[in-house]
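Results of the structural survey
Residues per chain, in single letters:
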Amino acid sequence: MGTAGGRRRALGRRFGWLWAAFAVSSYGTGFGFGALPLIAILVLHSGPTQVAVLAATGRAVGAVVAVPLGPWVEFRRKRPVMIATDLVRFAAMMSIPAAYALGLLTFVQLLLVSVVVAAANIAFRSASGAYLKALLPPEDLLVANSRFESTTWTATVVGPPLGGAAIALFGPVTTVLADAVSYLLSALGIRAIGGTEPHPAQAGAPRLRAGDLLDGWRYILADRVQRALFFNTMIVSGLIMATEPLLAVLLLGPLGFAPWQYGLAFAAPCIGGLLGSRIARRLVARFGQRQVLLTSGVLRACWPLGLAFAQPGVPGMVLIAALQFGLVTCIGVFNPLLATYRLAATDPGRVARTLSAWSVSTSVAIAAMTAAWGLLAALTSPRIAIAAAGLLLLATPLLLPRRESAKAPQDKADQAAGIT
């Protein structure tokens, strides 16, 4: 996957615009990280229960709303869908500073915005994945996905600290305004890609039936490798995300971390995600795509258990930073390989539905596990709940696909993507 002489592989002007659009929206999202809960707390004086409802409702209800969008996106040209979802997100986010300026902002509006943005995120991801598969040859997909992944982690490192400073200097809705503008700029970047995009073969298909909504899941579950990766990724993502609010409670409460220490302990290790995404192709060139995907999938489950043993002071900060660095580095390797495999192994006419099914299921799993682990922490303690998640994560590599001798129709796609 590398280039001669170590030069960066050129993926063309159209991909350059797509990457630029992705980058600007990623930095906007990083800059506005946690903006809605902060507004709920600082402006509307919401309590912990309302903040938890805001976080869970947006993800879960947005995922349900997005269920019919996958099949709908499949039979539409993808660039117009991407532009439209960017504009929807722009309008939804802009409604918050507008309502704030008029003194009309309410908690219900924050809930509605979170739902709309979550659903639009899923529709955008499904359309952009299908567009990327059509835009680039298979041998360039890992290069492209690695660049997207490195951009995501760079934005995660840079965005939240700058966003926090902006809120302190200019007020609580500043980052929401910037995030909204980033979606508008993303839409302009996607429009600048230009070129023609043919209508999907079934663009004139009859109205979708209820059974069509499950096509993405049926396709995933019929493929032994995608099925294994699907359940593994859904559970791992849910368990990791479920512990984030519990860690905040543990570190900022009993362990006495200052907010800046908490932020530093989690922001600095995100450099590992940038590192992982940049070395993924080199690891594939040396060890093979299947081996790197499975190894990084196993290793990313090994770190979170140690978070349950965090202690106050500098030793605790060092332990948390080291564990997070290991976790994020493995995720940075795993994610672009997973994205590349999914695109390579999925029929061109099913990409949007399949990616939508992945995103909807993962969002629901994260919301459900976050709620369940919040209840577990209330019944026991945050430390015990974090340890329980870590122990369960140690078992998740059993869900990863293993080499099998039996051949199936999907095996040719698996071999093309480096997995058998």
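Residues numbered from 1 in each chain as written. Predicted model: local features only at pLDDT ≥ 70, side-chain atom pairs only at ≥ 80, totals over all residues. Heavy atoms only, no water.

**A word on the packing of aromatic side chains**
The description of an aromatic ring pair rests on the distance of the ring centres and on the angle between the ring planes. Heads up, the rule is: Note on aromatic contacts: the rings of Phe and Tyr and the six-membered ring of Trp form a pair at centre separations within 6.5 Å, being stacked when their planes are under 30 degrees apart, edge-to-face when over 60 apart, and tilted otherwise. Starting at the N terminus, helices and strands are each numbered in turn, a helix being any DSSP run of H or I of at least four residues and a strand any DSSP run of E of at least two. Accessibility here uses a 1.4 Å probe with only protein chains present; expressed as a share of the type maximum, an area under 20% marks a residue as buried, one over 50% as exposed, and anything in between as partly exposed. For a ring to carry a charge above it, either NZ of a lysine or CZ of an arginine must fall within 6 Å of the ring centroid while also lying within 35 degrees of the normal to the ring plane.
If you walk through the whole model with that rule in mind, you get 5 aromatic pairs. Judged by centre distance (5.4 Å) and plane angle (85°), the ring pair of Phe-230 and Trp-358 falls under edge-to-face. On the criterion of sequence distance, the pair formed by Phe-230 in helix H10 (residues 224-252) and Trp-358 in helix H15 (residues 351-379) is long-range, its members being 128 residues apart. Of the two residues, Phe-230 and Trp-358, both sit in the buried class. Put simply, the rings of Phe-15, Trp-19, Phe-22 and Phe-148 touch in pairs and so form one group of aromatic residues. One Lys or Arg, Arg-300, reaches over the ring of Phe-334 and ends 3.9 Å from the middle of that ring.

**Thoughts on the side chain of Ser-25**
Let me state the cut-off plainly: A contact between two residues is defined here by any heavy atoms of the two lying within 4.5 Å.
Tracing the sequence through the fold places Ser-25 in helix H1 (residues 13-31). The contact partners of Ser-25, leaving out residues within four places of it in the chain, are Ser-182, Tyr-183 and Ser-186.

**So, the environment of Leu-213**
Mapped onto the elements, Leu-213 comes out in the loop between helix H8 (174-192) and helix H9 (215-222). Once the C-alpha coordinates of Leu-213 and Ala-357 are considered, the two residues, 144 residues apart in sequence, prove to be 9.2 Å apart. The residues contacting Leu-213, other than those within four sequence positions of it, are Val-67, Pro-68 and Pro-71.

**What to know about the packing of helix H12 (residues 271-287) against helix H14 (residues 313-345)**
To be explicit about the condition: Angles shown run from 0 to 180 degrees and are taken between the N-to-C directions of axes, each axis being a line fitted to C-alpha atoms and, for helices, limited to the stretch in contact. What sets the label is the angle itself: under 35 degrees gives roughly parallel, over 145 gives roughly antiparallel, 65 to 115 gives roughly perpendicular, and the rest give oblique. Each crossing gets its handedness from the near helix: less than a right angle anticlockwise from the far helix is left-handed, clockwise is right-handed.
Look at H12 against H14: their axes get within 7 Å of each other, and the N-to-C directions meet at 45°. As judged from the angle between their axes, H12 and H14 are oblique. With respect to the hand of their crossing, H12 and H14 are arranged in right-handed fashion. Contacts from Ile-271, Gly-272, Gly-273, Leu-275, Gly-276, Ser-277, Ile-279, Ala-280, Leu-283 and Val-284 in H12 reach Phe-325, Val-328, Thr-329, Gly-332, Val-333, Pro-336 and Leu-337 in H14.

**Things to note about the confidence of the model for the protein**
Which entries qualify depends on this criterion: Scored between 0 and 100, pLDDT is the confidence that the predictor attaches to each residue.
Looking at the protein, pLDDT values average 86 and 90% of them are 70 or higher. Low confidence marks residues 1-6, where pLDDT is under 50. Its contacts with residues over four positions away, or in another chain, come to 8 contacts. Low pLDDT, under 50, characterises residues 404-420; the stretch is placed with 30 contacts to residues that sit more than four places away or in other chains.

**Notes on the pattern of salt bridges**
Let me state the cut-off plainly: Just to be clear on terms, a salt bridge is a Lys or Arg side-chain nitrogen sitting within 4 Å of an Asp or Glu carboxyl oxygen.
Applying the stated rule across the entire model yields 4 salt bridges. We note a salt bridge from Arg-353 to Glu-74, for which the minimum N-O separation is 3.1 Å. Taken together, the residues span a long stretch of sequence, with Arg-353 in helix H15 and Glu-74 in helix H4 (residues 69-74) at a distance of 279 residues. An identical accessibility class is assigned to Arg-353 and Glu-74; each is buried. With a shortest N-O distance of 2.6 Å, Arg-89 and Asp-86 are connected by a salt bridge. With a gap of 3 residues between them, Arg-89 and Asp-86 both fall in helix H5 (residues 78-102), about one helical turn apart. In this structure, Arg-89 and Asp-86 share a single accessibility class: buried. Through salt bridges that share partners, Glu-74, Asp-215, Arg-218 and Arg-353 make up one connected network.

**Remarks on the packing of H15 against helix H16 (residues 382-395)**
Heads up, the condition is: Amino acids outside the nonpolar list (Ala, Val, Leu, Ile, Met, Phe, Trp, Tyr, Cys, Pro) and the charged list (Asp, Glu, Lys, Arg) are all regarded as polar, and Gly is one of them.
It is the contact of H15 with H16, at a shortest axis distance of 7 Å, that shows an interaxial angle of 135°. Looking at the two axes, H15 sits oblique to H16. Of the two possible hands of crossing, H15 and H16 adopt the one that is right-handed. Along the contact surface, H15 presents Trp-373, Leu-376 and Ala-377, while H16 presents Pro-382, Ala-385, Ala-388, Ala-389 and Leu-392. A breakdown of the residues in the contact of H15 with H16 according to their chemical character gives 8 nonpolar, no polar and no charged.

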